[in-house]
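Reading the structure
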Amino acid sequence: MQNSGFVVRFVDVVLILLFGFISISSVQATEIELAESTETPAPLPEVEQVVFVGIRPDGTYLVDEERREVRGPNALLQFIAAEVTRLGDSPVKVRIRASRDTPMRYLVDAARVCDQLGLPKALEVQMASEA
Amino acid sequence: MARRGFLIRFIDIGLIVLFGFLMISDIEASSRVELAGAPAEVEEAAEEEEDDRAYIVVEITESSYFRVSDLAAVDRPPVSIGDVDGLTQALEALSRVHDEQELETVVLIQPHPESVVQATVDAMDACDRLELAKSLRMDIEIEPAPVGDSAIGVDGLSAESGSADAERRDAS
């Protein structure tokens, strides 16, 4: 009987931990549907601070964990410059998350903004297995 | 004994629910394509080893078709291709010719401003599949490109504002 009580408590604790982790984990729903790539190798861990820039098919940039919209390269430049200032001395890298249907011109604009600020940049893709 | 049986069932159900959620959750594995630096940096890196290379230009049209042309064979008209498999085959055939001539093949990917990102990623995948050096030419401004910049980023991607393609357009 005592043994059974221990098991019940054990199950309780495990469930509490499980739901605790679920509730504090940030499950982020993204509206960006990345381009799929079968050949891009698995990424290495990055040492830099990463600034994410999402790009919708209509050319709107999504920043600040996709909570904020900015329109046009000038507004994007201002945002990234502010982020770089906020992050201080840490090296910063820009990760561009463009929807697969996004016209290339918006990706090019974002890349140019990074070049203007002298920041390294990368295009995020979704890894897909070859059919 | 009955209580213990109930507990085991309870744990079973808990685990089934847990693994059910894990199975249906959308775990997206993503990677990243490193984009090369500013044109000046790329140009410096590309100045060496120019002679033993042959360039294939893959233009991506507005409707995301691929137009492949071999700069080593200017008399041959560009080939229009609608899918990635066709592109891979065309690149393979051209690179085989270059291999016979002991030339290293470099693929210049040149997307139209209105072409979609997926088409460019597909073209890059085709190059990676064939282990060909590639460079993404992002000089896709409609306004005239500045004269003199003709940087080529190899083994990476370059965001550049060159005039090589403008010259090619003029020539054609």
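Before reading on, note that the structure itself is shown above.
I will try to describe carefully the structure that is included in this document. (Residues numbered from 1 in each chain as written. Chains lettered and ligands numbered in written order. Predicted model: local features only at pLDDT ≥ 70, side-chain atom pairs only at ≥ 80, totals over all residues. Heavy atoms only, no water.)

1. Some points on the interface of chain A and chain B
What counts is decided by this rule: Should any heavy atoms of two residues lie within 4.5 Å, those residues are considered in contact. The term buried area refers to how much accessible surface (probe radius 1.4 Å) is lost by two components on association, counted for both of them together. In the sections that follow, a salt bridge refers to a side-chain nitrogen of Lys or Arg positioned within 4 Å of a carboxyl oxygen of Asp or Glu. Here a polar contact means two N or O atoms within 3.5 Å. Within protein one must be a hydrogen donor candidate and the other an acceptor candidate, and residues neighboring in sequence count only if both atoms are side-chain atoms. What counts as a helix is a DSSP run of H or I of at least four residues, what counts as a strand is a run of E of at least two, and both are numbered from the N terminus. Under the scheme applied, nonpolar residues are Ala, Val, Leu, Ile, Met, Phe, Trp, Tyr, Cys and Pro; charged residues are Asp, Glu, Lys and Arg; polar residues are all the others, including Gly. Paired strands, as defined in this entry, are two strands with at least two bridges between them according to DSSP.
Taken together, the contact pairs 46 residues of chain A with 40 residues of chain B. For the pair chain A and chain B, the two sides together bury roughly 3,400 Å², of which 58% comes from carbon and sulfur. For the pair chain A and chain B, the number of links is two salt bridges. Of the charged contacts in the structure, one is a salt bridge between A:Arg105 and B:Glu114, with a shortest N-O distance of 2.6 Å. Seen at the junction of chain A and chain B, the total is 13 residue pairs in polar contact (both at pLDDT 80 or more). Counting only elements with at least two residues in the side of chain A that touches chain B, the list comes to helix 1 (2-24), strand 1 (36-37), strand 5 (92-98), helix 3 (104-117) and strand 6 (121-127) of chain A. Tallied by class, the residues present in the side of chain A that touches chain B amount to 24 nonpolar, eight polar and 14 charged. Examined bridge by bridge, strand 6 of chain A and strand 1 (residues 30-35) of chain B share six bridges and lie antiparallel to one another. Along strand 1 of chain B, the bridge assignment pairs A:Ala122 with B:Glu34.

2. Quick look at the pattern of salt bridges
The final tally for this structure, using the stated rule, is 17 salt bridges over all chains. For B:Arg53, the salt bridge is made with B:Glu104, and the minimal N-O distance between the two is 3.3 Å. Here B:Arg53, found in strand 2 (residues 53-60), pairs with B:Glu104, found in strand 5 (residues 104-111); they are 51 residues apart in sequence, far enough to count as distant. Sharing partners across several salt bridges, the network here consists of A:Glu66, A:Arg95, A:Arg97 and A:Glu124.

3. Considering the nonpolar core
Going by this rule: Grouping buried Ala, Val, Leu, Ile, Met, Phe, Trp, Tyr and Cys residues that are joined through side-chain atoms within 4.5 Å yields what is termed a nonpolar core. Exposure categories follow from relative accessible area, calculated using a 1.4 Å probe and restricted to protein chains: below 20% of the type maximum is buried, above 50% is exposed, and the middle band is partly exposed.
Counting residues in hydrophobic clusters, the biggest one holds 49 residues, and the most contacted among them are A:Leu76, A:Leu123, B:Leu87 and B:Leu91. For B:Leu91, the contacting residues outside a window of four places in its chain are B:Ile56, B:Val58, B:Val107, B:Ala126, B:Cys127, B:Leu130 and B:Leu132. Core analysis: the next-biggest nonpolar cluster, separate from the first, contains five residues, B:Tyr55, B:Val57, B:Val106 and B:Ala133 among them.

4. A few points about helix 3 (residues 84-100) of chain B
Because each turn of an α-helix spans 3.6 residues, side chains separated by three or four positions end up pointing in the same direction. Residue and element names in this part refer to chain B. Put simply, the test is: Expected helix span is taken as 1.5 Å per residue step, with the number of steps being one fewer than the number of residues.
Helix length check: helix 3, at 17 residues, gives a terminal C-alpha distance of 24 Å against a target of 24 Å (1.5 Å per residue), a fit within 8%. Those residues of helix 3 not exposed but buried are Gly86, Leu87, Thr88, Ala90, Leu91, Leu94, Ser95 and His98. Check the buried side of helix 3 and you find it contacts strand 2, strand 3 (66-70), strand 4 (79-81), strand 5 and helix 4 (117-129). Once helix 3 finishes, glutamate 102 follows within two positions and takes phi at roughly 55°, a positive value.

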